Amino acid sequence: MKKQKTLIYKCASCGREEPKWLGRCPECGEWNTLTETAVQQAGRKIEKDAKGVPRAYPLAAVDPMEGSRIGSGIGELDRVLGGGIMKRSSILVGGEPGIGKSTLLLQTAALVQTKGRVLYVSGEESAGQLRLRADRLGINKNIMERIEILCSGNLEEIETILNNVKPVLVLIDSAQTLYSDNADSIPGGVNQMKFCTFELIAWAKEHDAALILTAHVTKEGVISGPKTLEHMVDTVLYFEQNDKTSGLNGTVDCRFLRAAKNRFGSIDEIGIFTMGEQGLSPVEDTGQMFLVRRDRRSPGEFPAGVATAAVLEGSRTILVEIQALTIPAKGAVSRVFSDKIDSGKVSRISAALEKHLGLRLSDQDLYVNAAGGIRVTEVGVELALACALYSARTGLALPADLAIAGELSLTGEIRPVHKLPGRVKTASNLGFSAFLGPIPDSPVQGLKSAGNIKYAIKLIYG
Ligand code: TYD
Ligand code: MG
């Protein structure tokens, strides 16, 4: 790789890099810590004319990169990526230890739809451990022939192998184990990781390959390390797990793959997996995964404080049970305990209920949960959340067979939501005989609609 030496000024205390010398580091505020440092930068390919002068070219002449996606062989991963792995792109997969990052990488290595070679670089595990995992995953011998492995985190070694093997897919497990003899900072530090990642991204771009890197995230979600890589890569995926709540329909263990950044697709789609004896497998029937198993025909058993929301996760409709509990506030100020639905949203909805229904919530502590531990961010959950809070506060259970979708404004009005007919249909397919939602643009069969929260409550309770 062609390299140029550049001079930069680097803070000895926090590693911040500045193009000019400064007396005080803008990042950590330390004085006199910036020192002159030479860094190597990977040369970028620049178009040149016959005389060697750099030239620009018309946008129309650029290859639109259509057909540049490689199927990963894992449908849920392709869905999150926006239709497969884009060639020349770099993808960062972050998540807590044990979530399944290495498993996902090895399964991708085995299933990826390419005739080219795959290089799996592990700085975390020994070759023997990788082989054990591959056997456990049931990867057959022929496929294993195609996967080259390298157990090292040394950038120079990796680059040598890359140039020999010329893989179309490079898997790095993990970015945190990368180090280089040429980066003049402490091994294992953020700067080494950034330097190495930058070099690998440049290699992949130049050689028409795709790069996937894993990165650990700590329990608190502090990702000081990987966070600094986010702007360098094209796509950032986070792997997370639900709390293992029991009593759910279907699968109990479920893991979500979400895109936090995606240059080549939307960030709305999520991949849903379950970890089993043979690694990760997709959860296909997601519709009712987040519902608690209950007999919906015997309403006496349906508790107060529970509402079923029909929400969109990317292109899918899922039904999620929203649970609310209100108790007299323990402190002078009431508090909201809600980590699956944004607590600001819970406060806003409860304020709207208090104002427009005269329902006193401001002297209550509010607890809100979503069954199955899924984080619900879509606005369509708001009406169901309002109904759950109303039901919790009044002790009046909602009908067991009612699904709900709608956005609730501060004025108490129920706003339209995307894909309402699809939500109604999914709920009906899953056995919900009633649906409460906003007033639709054109009639939707099976929908009871209300323009405001007052009328909605009247529709439910009569
Ligand atoms: P791993 O992929 O190593 O997680 P990460 O790389 O994110 O740290 O594996 C996660 C867990 O999954 C580990 O505890 C073992 C378990 N596991 C299974 O249950 N089934 C399997 O087939 C495999 C390969 C792992
Ligand atoms: Mg791992």
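Quick note: structure is the one above.
Residues numbered from 1 in each chain as written. Chains lettered and ligands numbered in written order. Predicted model: local features only at pLDDT ≥ 70, side-chain atom pairs only at ≥ 80, totals over all residues. Heavy atoms only, no water.

Peer 1: Would you mind showing me how to read the overall build of the chain here?
Peer 2: Summing up its helical and strand segments, the chain has 11 helices and 23 strands in all. Classification of the 462 residues of the chain by burial places 49% in the buried group. Taking the intrachain contacts of the chain between residues at least 6 apart in sequence as the baseline, contacts between residues at least 24 apart amount to 68%. (Helix = DSSP H or I, 4+ residues; strand = E, 2+ residues; numbered from the N terminus. Buried < 20%, exposed > 50% of the residue type's maximum accessible area, 1.4 Å probe, protein only. Contact = heavy atoms within 4.5 Å.)

Peer 1: Where do I start with the pattern of salt bridges in this structure?
Peer 2: Two side chains bearing opposite charge may form a pair once their charged atoms approach each other closely. Scanning the entire structure with this criterion turns up 19 salt bridges. The closest approach of N and O atoms between Glu269 and Arg79, which form a salt bridge, is 3.2 Å. Of the two residues, Glu269 is situated in the loop between strand S12 (255–262) and strand S13 (270–276) and Arg79 in helix H1 (residues 75–81); the sequence distance between them amounts to 190 residues. A relative accessible area of 26% means that Arg79 is categorised as partly exposed. Of the charged contacts, one joins Arg136 and Glu277 as a salt bridge, the two residues approaching to 3.9 Å between their closest N and O atoms. Here Glu277 lies in the loop between S13 and strand S14 (279–282) and Arg136 lies in helix H3 (residues 127–136), a separation of 141 residues in the sequence. Owing to a relative accessible area of 62%, Glu277 belongs among the exposed residues under this scheme. (Salt bridge = Lys/Arg side-chain N within 4 Å of Asp/Glu carboxyl O.)

Peer 1: Where do I start with the nonpolar core in this structure?
Peer 2: Across soluble globular proteins, nonpolar side chains show a tendency to be buried alongside one another. The biggest cluster of nonpolar side chains holds 48 residues, and the ones touching the most others in it are Phe290, Val320, Ile322, Ile374, Leu389 and Leu436. Broken down by element, this core gets its largest block of residues, 9 residues, from helix H9 (residues 382–394). Sequence-distant contacts of Leu436, that is, excluding residues within four places in its chain, are made with Leu383, Cys387, Leu402, Ala403, Ile404, Ala405, Leu447, Lys448, Ala450, Ala456, Leu459 and Ile460. Counting residues in each nonpolar core, the second largest holds 33 residues, with Leu104, Ile139, Phe273 and Leu280 among its members. (Core = buried A, V, L, I, M, F, W, Y, C linked by side-chain atoms within 4.5 Å.)

Peer 1: What should I look at first to understand the environment of Glu157 in this one?
Peer 2: Of note, Glu157 is situated in helix H5 (residues 155–165). The sequence separation of Glu157 and Ser180 amounts to 23 residues, and the corresponding C-alpha distance is 9.1 Å. If we skip the residues at most four places from it in the chain, Glu157 touches Leu150 and Ser152.

Peer 1: Any chance you could explain unusual backbone geometry here in plain terms?
Peer 2: Backbone geometry follows two general trends: most residues other than glycine have a negative phi, and most peptide bonds adopt the trans configuration. Across the junction of Asp173 and Ser174, the peptide omega takes the value 10°, indicating a cis bond. Mapping Ser174 onto the fold places it in the loop between strand S9 (169–173) and helix H6 (190–206). Even without being glycine, Lys166 reaches a positive phi, approximately 50°. Since its relative accessible area comes to 49%, Lys166 is described here as partly exposed. Positive phi values are uncommon outside glycine, yet Asp208 reaches one of about 60°.

Peer 1: Got a minute to help me understand the sheet that holds strand S8 (residues 147–150) in this structure?
Peer 2: For sheets, the rule is that strands pair by backbone hydrogen bonds, running either parallel or antiparallel. Strand order in the open sheet formed by 9 strands is S8-S7-S9-S10-S6-S11-S12-S13-S14, with mixed pairing between adjacent strands. Only two strands of the sheet have a single partner each, and these edge strands are S8 and S14. The sheet shows a mean angle of 25° between the axes of neighbouring strands, taken without regard to direction. Relative to S14, S13 is paired through 4 bridges, and the arrangement is antiparallel. (Pairing = 2+ DSSP bridges. Axes fitted to C-alpha atoms, helices over the stretch in contact; angles between N-to-C directions.)

Peer 1: Mind showing me how you'd approach helix H8 (residues 343–357) here?
Peer 2: Side chains three or four residues apart in an α-helix point the same way, a direct result of the helix having 3.6 residues per turn. Along its 15 residues, H8 runs 21 Å from first to last C-alpha, staying within 8% of the 21 Å computed at 1.5 Å per residue. Those residues of H8 lying buried are Lys345, Val346, Ile349, Ser350, Ala352 and Leu353. All buried residues of H8 fall inside an arc of 155° around its axis, so they share one side. Taken together, the buried residues of H8 touch strand S17 (336–338), strand S18 (364–370), H9, strand S20 (407–408) and helix H11 (453–461). (Expected span 1.5 Å × (residues − 1). Arc of directions from axis to C-beta.)

Peer 1: Sorry if this is basic, but what is going on with the packing of aromatic side chains here?
Peer 2: What characterises a pair of aromatic rings is the spacing of the ring centres plus the angle enclosed by the ring planes. Under the definition given, this model contains 3 aromatic pairs. Residues Phe337 and Tyr367 carry aromatic rings whose centres are separated by 4.6 Å and whose planes lie at 10° to one another, so their mutual orientation is stacked. You can see Phe337 sitting in strand S17 and its partner Tyr367 sitting in strand S18, a full 30 residues away along the chain. Judged by its relative accessible area of 26%, Tyr367 is partly exposed. (Phe/Tyr/Trp six-rings, centres within 6.5 Å; stacked < 30°, edge-to-face > 60°.)

Peer 1: Explain the site of ligand 1 to me, please; I cannot follow it from the model alone.
Peer 2: Not every one of the 16 residues close to ligand 1 is listed here, only the nearest: Ser102, Thr103, Arg133, Gly276 and Gly279. Between an oxygen atom of ligand 1 and a side-chain N or O atom of Thr103, the distance comes to 2.5 Å. Relative to its unbound accessible surface of 560 Å², ligand 1 loses 76% to contact with the protein. For the shell around ligand 1, the elements supplying multiple residues, two or more each, are helix H2 (101–111), H3 and S13. It is H2 that contributes the most residues to the shell around ligand 1, 3 residues altogether. When grouped by side-chain class, the residues that make up the shell around ligand 1 number 4 nonpolar, 7 polar and 5 charged. (Near = heavy atom within 4 Å. Polar contact = N/O pair within 3.5 Å; in protein donor to acceptor, adjacent residues only side chain to side chain. Areas by Shrake-Rupley, 256 points an atom, 1.4 Å probe, with all protein chains shown as cover. Nonpolar A, V, L, I, M, F, W, Y, C, P; charged D, E, K, R; others polar.)

Peer 1: Help me understand the packing of H2 against H3, please; the structure alone is not making it clear to me.
Peer 2: The axes of two packed helices give the description: the angle between them and the distance between them. Running from amino to carboxyl end, H2 crosses H3 at an angle of 70°, the nearest separation of the two axes being 11 Å. On the basis of their axis angle, the class for H2 and H3 is roughly perpendicular. Across the interface between the two elements, Ser102, Thr103 and Leu106 from H2 touch Leu130, Arg133 and Ala134 from H3. Here the residues of the contact of H2 with H3 are counted per class, giving 3 nonpolar, 2 polar and 1 charged. (Parallel < 35°, antiparallel > 145°, perpendicular 65-115°, else oblique.)

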